[in-house]
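# Structural description and commentary
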Amino acid sequence: MACSPGGGSVFIQLPELPSTARSLVLLTQASSEDPVASVFDLADPRPIEFELDTFEDAKLYGMVYPCPLEALELVPGHFALSGAGRPMPRSAAVLESAYSGGAQTPWEAAVLPATLDALRLPLPNLDLSSPLAPCLFAPSDRSAVLVPESTGEVGDGPRWISLVGGDEVVVMRGGGELLRGTHDGLESIAQTRSWPSDGALANEETWWVVDRRGQVFSGDFAGQVVPRGWTRTASVSGRSDRHDVIAVAPDSSEVYVFTDERVLERCLPGSNPSGCEWQVLGASERHSEDHLRMIWLGPGHVLAVGGEGSVLEFRGGRLSVDRVFSIDSGYAIGQGVPELGTVMVGVAGTVVYRPQTADVDWVTDDPRFSAPTDTIQSRFVIPTRRGFLHGGTQGLVQEYDLDGGLCPAVRAAETSSDLFQGVRSASGFWFISRRGSSQIFFVPEKAPSCLETQSL
């Protein structure tokens, strides 16, 4: 395959492509001209025409797709790239070549330079209501599925949910019953006989729970439940209506509890064979018990977020002072968001994030998030393939795709249900509600895009 010469142009040898390749975007960066994207339909029998000035040195990048142009919502042609417009779709492969002094280098696998990756096609933004849009959570004719759960007393609904792997989750109900299963059904596997406040899954074998009295339990999926010793401190008043939260290292070597009295405590279970001695690490001045969240980020590193947009961080043996990002009343938090790292979304839609680099501060002025999201009060942040999903109140959720931008708000549950927590599994999204209707919802993910279902 080659480009036809024209005027002062030369033949350029295009890369050898597999038979499954359906589309090609050739990015040309000449030394004295703006970059150009040339979009080609490989199913078109007509020869590909492309002009390259013989007096110019140029870098060539081939973005290869197993999808037809229609699935990418692109059209054939040549487009000068700029800082405005639509991002180019992520390709299945990137190849690189160069032309200089009348000779071309062989094509090799490469990564698109950040300077080119930041540029945009002068095309209208994607129609986010289209089934071809990048949003994973979009309106469809598949309504939310209520997963059956064990019957119990009023208010005995789900308290927390964690993903084990694939489509399998564990759910802790009020009353201390632990259930495990898929969207086809859940079965009871353990009973703590206490009212849980929050829980955490250390790994695929071990779970931890802090209950409404501040007691800590752990167990395995064989049904064994182990009460953990609790050193009574000033942070534990003995009340039976506590709202503590818990975070655990994957190997259970560190267990943290942040109490509704604004105290952060840590236990190192392996350090004391006779029990679990808790260390008081410090206290927050601003946190309120409403919307408390805590996540484990690495050895000796946790974040606790709560009311008034405050963040308390323990890292490297030191407790940071509270930081308030805005007047948002509380933040939802999620980790592992592609290209962003740890993301917090305020209840009024403010987005801040911090890359997974120890010395990088929180980013509060990213222009992609300069405009608030829709008026959805966030209770959780769930990483997706190319962004995150957030939401909760009145059953509404909203996805932010780093390529396509803000997706439409979608109702994931009945109107009266406020979703409190959510996780993404292999085929969809799980949610639990506490207000209006204490239930468990599974919502199938929208059909995967062409790039996810086909390979070169």
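Before going into details, it helps to say that this report is about the structure given with it. Small disclaimer: the values here were computed from a predicted structure and weren't measured.

Procedures and definitions
Residues numbered from 1 in each chain as written. Predicted model: local features only at pLDDT ≥ 70, side-chain atom pairs only at ≥ 80, totals over all residues. Heavy atoms only, no water. Helix = DSSP H or I, 4+ residues; strand = E, 2+ residues; numbered from the N terminus. Buried < 20%, exposed > 50% of the residue type's maximum accessible area, 1.4 Å probe, protein only. Contact = heavy atoms within 4.5 Å. Areas by Shrake-Rupley, 256 points an atom, 1.4 Å probe, with all protein chains shown as cover. Core = buried A, V, L, I, M, F, W, Y, C linked by side-chain atoms within 4.5 Å. Pairing = 2+ DSSP bridges. Axes fitted to C-alpha atoms, helices over the stretch in contact; angles between N-to-C directions. Phe/Tyr/Trp six-rings, centres within 6.5 Å; stacked < 30°, edge-to-face > 60°. Lys NZ or Arg CZ within 6 Å of the ring centre and 35° of its normal. Polar contact = N/O pair within 3.5 Å; in protein donor to acceptor, adjacent residues only side chain to side chain. 1 Å grid on protein atoms, 1.4 Å probe; cavity = no way out; pocket = protein on both sides within 12 Å on 5 of 7 lines; lining within 4 Å. Points joined across faces, edges and corners; volume = space filled by probe spheres on them. Nonpolar A, V, L, I, M, F, W, Y, C, P; charged D, E, K, R; others polar. Salt bridge = Lys/Arg side-chain N within 4 Å of Asp/Glu carboxyl O.

Helix and strand counts for the protein come out as three helices and 36 strands. Within the protein, the proportion of its 456 residues that are buried is 51%. A separation threshold of at least 6 residues defines the contact pool for the protein, and within that pool the share at least 24 residues apart is 51%. Summed over its atoms, the accessible surface of the protein is roughly 20,100 Å², and 50% of this surface lies on carbon and sulfur atoms.

Another point: the nonpolar core. Formed by 20 residues in total, the largest nonpolar core has its most connected members in Val25, Leu27, Met63, Leu74, Leu81, Met88 and Leu121. At the level of secondary structure, the elements contributing two or more residues to this core comprise strand S1 (23–30), strand S2 (36–41), strand S3 (58–65) and helix H1 (69–72). Ranked by residue count, the leading element in this core is S3, at three residues. Aside from chain neighbours lying at most four places away, what touches Leu74 is Val25, Val39, Leu69, Arg86, Pro89, Leu121 and Leu123. If you look at the next biggest cluster of nonpolar residues, it comprises 16 residues, including Val10, Ala21, Leu26 and Val64.

Turning our attention to the sheet that holds strand S12 (residues 185–191). Strand order in the open sheet made by the four strands is S9-S10-S11-S12, with antiparallel pairing throughout. A strand with exactly one partner marks an edge of an open sheet, and here the two such strands are strand S9 (158–165) and S12. Between one strand and the next, the sheet's axes are offset by a mean angle of 25°, whatever the strand orientation.

Note: strands within a sheet are paired through backbone hydrogen bonds, in either parallel or antiparallel orientation. With antiparallel pairing, the four strands of this open sheet are ordered in space as S17-S18-S19-S20. On the outer flanks of this sheet lie strand S17 (245–248) and strand S20 (278–283), each paired with one strand and no other. Averaged over all adjacent pairs, the angle separating strand axes in this sheet is 20°, with direction ignored. Of the pairings in the sheet, the one linking S17 to strand S18 (residues 255–258) comprises four bridges and is antiparallel in character. Counted as the bridge partner of Val248 is Val255 from S18.

As a further point, take the packing of aromatic side chains. The full count for this structure, using the stated rule, is eight aromatic pairs. Judged by centre distance (6.2 Å) and plane angle (55°), the ring pair of Tyr256 and Phe314 falls under tilted. Of this pair, Tyr256 sits in strand S18 while Phe314 sits in strand S23 (residues 310–315), and the two are 58 residues apart along the sequence. Take Tyr256: its relative accessible area is 0%, and that puts it in the buried class. Ring centres 6.2 Å apart and planes at 45° place the aromatic pair Phe369 and Phe388 in the tilted group. Placement of the pair is Phe369 in the loop between strand S28 (351–354) and strand S29 (378–384) and Phe388 in strand S30 (residues 387–392), with a sequence separation of 19 residues. Judged by its relative accessible area of 1%, Phe388 is buried. Taking NZ or CZ as reference, Arg293 lies 4.4 Å from the ring centre of Phe420, over its face.

Let us look at unusual backbone geometry. One non-glycine residue, Arg262, lies in positive phi territory at about 70°. Its location among the elements puts Arg262 in the loop between S18 and strand S19 (263–267). Owing to a relative accessible area of 35%, Arg262 belongs among the partly exposed residues under this scheme. Positive phi is not limited to glycine here, since Glu339 has a value of about 65°.

For the rest of this paragraph, the subject is the side chain of Ser378. Positionally, Ser378 belongs in strand S29. A polar contact is formed between the side chain of Ser378 and the side chain of His390, at a distance of 2.5 Å.

Its boundaries defined by the atoms lining it, the largest pocket holds a volume of some 1,200 Å³. The wall of the largest pocket is formed by 43 residues, among which Ile161, Gly199, Met294, Ile295 and Gln421 lie closest to the centre. When its residues are assigned to classes, the lining of the largest pocket shows 23 nonpolar, 10 polar and 10 charged.

Take the pairing of S19 next. In the case of a regular strand, side chains alternate between the two sheet surfaces. Taken across its five residues, S19 has five buried, putting it largely inside the fold. Bridge analysis of S18 against S19 gives four bridges, and the strand direction is antiparallel. Across the sheet, Phe258 pairs through a bridge with Leu264, a residue of S19. Hairpin connection of S18 to S19: four residues between the antiparallel strands, including Arg262 at a positive phi of 70°.

In this section: the environment of Trp296. Its location among the elements puts Trp296 in strand S21 (residues 293–298). Under the relative-accessibility criterion, Trp296 is labelled buried at 19%. Sequence spacing of Trp296 and Phe314 is 18 residues, and the spatial spacing of their C-alpha atoms is 9.9 Å. Beyond its immediate chain neighbours, meaning those up to four positions away, Trp296 contacts Ala247, Val248, Ala249, Pro250, Glu254, Tyr256, His301, Val302 and Gln335. In terms of polar contacts, Trp296 uses its side chain to reach the backbone carbonyl oxygen of Gly298, at 3.3 Å.

What follows is about the pattern of salt bridges. All told, the structure shown has six salt bridges when counted by the stated rule. For Glu313, the salt bridge goes to Arg354, with nearest N and O atoms at 2.7 Å. In this pair, Glu313 sits in strand S23 while Arg354 sits in strand S28, placing the two residues 41 residues apart along the sequence. This pair shows no difference in class: Glu313 is buried, exactly as Arg354 is. Between Asp366 and Arg368 there is a salt bridge, with its nearest N and O atoms 2.8 Å apart. Since its relative accessible area comes to 11%, Asp366 is described here as buried. Among the charged side chains, a network of salt bridges with common partners joins Glu313, Arg315 and Arg354.

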